[in-house]
Every structure is written in structure tokens, then in C-alpha cells.
Amino acid sequence: MAVVVAFPEKAFTRVSSRDKVGSTLVAARPLPKGTSVTAYGSEEIVPEPTMHTLAIRAGAHGVPRDGAEFVSHSCSPNTDLVAVALKDGKLETTTDAAVVHAVVLVANRDIAEGEEISFDYELNEWDMATPFTCQCGNSNCRGYISGFKNATAANQEELLKKATPLILSTVAAAPAAAPAAAAAATA
Ligand SMILES: [Zn+2]
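Residues numbered from 1 in each chain as written. Predicted model: local features only at pLDDT ≥ 70, side-chain atom pairs only at ≥ 80, totals over all residues.

If you look the protein up in an unreviewed UniProt entry, it shows as Post-SET domain-containing protein from Cafeteria roenbergensis.

See below:
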């Protein structure tokens, strides 16, 4: 059943990142598991991607809410990506890629005040314009982060368990581009 999504006030603050190159977001206060931390696309959607947008649908890229454009990637993140659609003016969860209006970052465990907020970029990005070598330090770190399309078959299989409707629909539409993932999706 669809769940109505609401955002708490001041869930995060922006700080200089570990590598001092840019900024990152940390929890402004304890965020219990299940908290909707922030979202991409809930306030603005643009036709072309930028450094800070997140793909919502084909040709639709969500602008981050409340200056949340600096959420870090982690291969073992503390938020999940939850797709939502607009219904009667409210954001409700959906699994239908065609109607996704925004992607919400939902705490997948209790997040402590001051803890860096992260999500897994490859759960939503098919082929990233700016790939990078991950330094999340987790035992399951995939190393080079460049988009779902480019992940190994084993990693795609893991990613599919939590991937957004956009990825699931892309896999379904382009089995030749991701044979392993397509096989897993239809298994
Ligand atoms: Zn990593």
C-alpha cells in the first residue's frame, strides 16, 4: 500500500566533506529508521541532468530539496531510495516507473546526529557521467562507481534488490545491455 511521505524540518546540515573537495550532508539530529531525510524532484524537475540531480524518469531529473545536493555515495548506505508519485497533492510511494515524481532518501537504520548521510548511487543511475573510485571503506565496497549498467553481474544482482523503478524498467527494456540483470529480474 502506498505511504504518504512527509519531511521533518532540519534533518541535515551541510559540512565540508572528508576529502575537503566539496560538501557533504550530516544528520542535524538523530534520525530514526524510516525517516524521510530528503528527496530529489519533490520541488523541481529539470529535463537535463546536472552534477546534483538524480534521474527520476526518462528525460526527467530531480533537483535536490533544501540544498541536499551533496549527499555522499556509499556501498553500504544509511538511506534507501524510495520512489514516490503525486496523488491528490501528496507524495505517495510507488513502484510504477512511469509515474515517479520524486525519489526520497529514507533512513534504513537509526542515524546518529552528526553522521554522514549517504545513498547508493548505482541503485538509480544507469550510466554515470562522472564515475569515481569509491572510498566508502565498507567490506562490500564495489570500488569503481559508474552506474548500474557497468556493474558486474554479481553486483547487479545485489543492486536489483533495492534498485529504483527507473532501473528496473530500464533493465526490462534493455536486456541486451544488462543480460545478467535481466535474467535475475525475470528469474
Ligand atoms: Zn564503496
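So that's the structure; there's more coming.
Colleague: Looking at this structure, how should I read the overall build of the protein?
Modeller: Scanning the protein from terminus to terminus reveals three helices and 12 strands. Taking all 187 residues of the protein together, 35% fall into the buried category. (Helix = DSSP H or I, 4+ residues; strand = E, 2+ residues; numbered from the N terminus. Buried ≥ 20, exposed ≤ 12 C-beta atoms within 10 Å, placed from the backbone.)

Colleague: What should I look at first to understand the nonpolar core in this one?
Modeller: Considering soluble globular proteins, one finds that nonpolar side chains tend to be buried as a cluster. Formed by 39 residues in total, the largest nonpolar core has its most connected members in Val37, Ala102, Val103, Val104 and Leu105. Those elements that provide at least two residues to this core are β2 (23–27), β3 (36–46), β4 (54–57), β7 (79–87), β9 (102–107) and α2 (165–173). Among all residues touching Ala102, those that are not within four sequence positions of it are Ala39, Tyr40, Gly41, Ser42, Ile56, Gly62, Val84 and Leu91. (Core = buried A, V, L, I, M, F, W, Y, C linked by C-beta atoms within 7 Å. Contact = placed C-beta atoms within 7 Å.)

Colleague: Looking at this model, I keep getting lost on the sheet that holds β3. Mind explaining?
Modeller: Where strands meet in a sheet, backbone hydrogen bonds hold them as pairs that are either parallel or antiparallel. On the basis of which strands lie adjacent, the open sheet formed by six strands has the order β4-β5-β3-β9-β7-β8 and antiparallel pairing. Pairing within the sheet leaves two strands with one partner each, and these edge strands are β4 and β8 (90–93). Put simply, the sheet's adjacent strands are angled 40° from each other on average, direction ignored. Sheet topology places β4 next to strand β5 (residues 60–64); three bridges connect them, and they run antiparallel. For Leu54, the partnering residue across the bridge sits in β5 and is Gly62. (Pairing = 2+ DSSP bridges. Axes fitted to C-alpha atoms, helices over the stretch in contact; angles between N-to-C directions.)

Colleague: Help me understand unusual backbone geometry, please; the structure alone is not making it clear to me.
Modeller: Of all residues except glycine, most have a negative phi; of all peptide bonds, most are trans. Despite not being glycine, Asp88 shows a phi value in the positive range, around 55°. Locating Asp88 in the fold gives a position in the loop between β7 and β8. Residue classification places Asp88 among the exposed positions, given that 6 C-beta atoms sit within 10 Å.

Colleague: Could you clarify how one ought to interpret the UniProt feature "domain: Post-SET" (unreviewed entry) in the protein in this entry?
Modeller: Taking the numbering used here, the UniProt-annotated feature "domain: Post-SET" (unreviewed entry) corresponds to residues 130–146. Along residues 130–146, the helical share is 0% and the strand share 24%, with 7 Å between the first and last C-alpha atoms. (UniProt positions renumbered as here; feature names shortened; annotations may be inferred.)

Colleague: Can you help me understand the pairing of β5 in this one?
Modeller: Both faces of the sheet carry side chains from a regular strand, because those side chains alternate between them. Across four bridges, the pairing between β3 and β5 is antiparallel. By the bridge assignment, Val46 is partnered in β5 with His61. Linking two consecutive strands that pair antiparallel, namely β4 and β5, is a turn of two residues; a positive phi of about 75° is found at Gly59 within it.

Colleague: Would you take a moment to explain the environment of Lys161 for this structure?
Modeller: The topology assignment puts Lys161 in the loop between α1 (153–159) and α2. Along the backbone, Lys161 and Leu123 are 38 residues apart, and their C-alpha atoms lie at a distance of 9.0 Å.

Colleague: I tried to follow the pairing of β7 on my own but got confused; where do I start?
Modeller: Relative to β9, β7 runs antiparallel, the two being bridged by six bridges. Opposite Thr79, over in β9, you have Ala107 as the bridge partner. Of the pairings in the sheet, the one linking β7 to β8 comprises four bridges and is antiparallel in character. Note on β8: the bridge partner recorded for Ala85 is Glu92. What sits between β7 and β8 in their antiparallel hairpin is a turn of two residues, with Asp88 showing a positive phi close to 55°.

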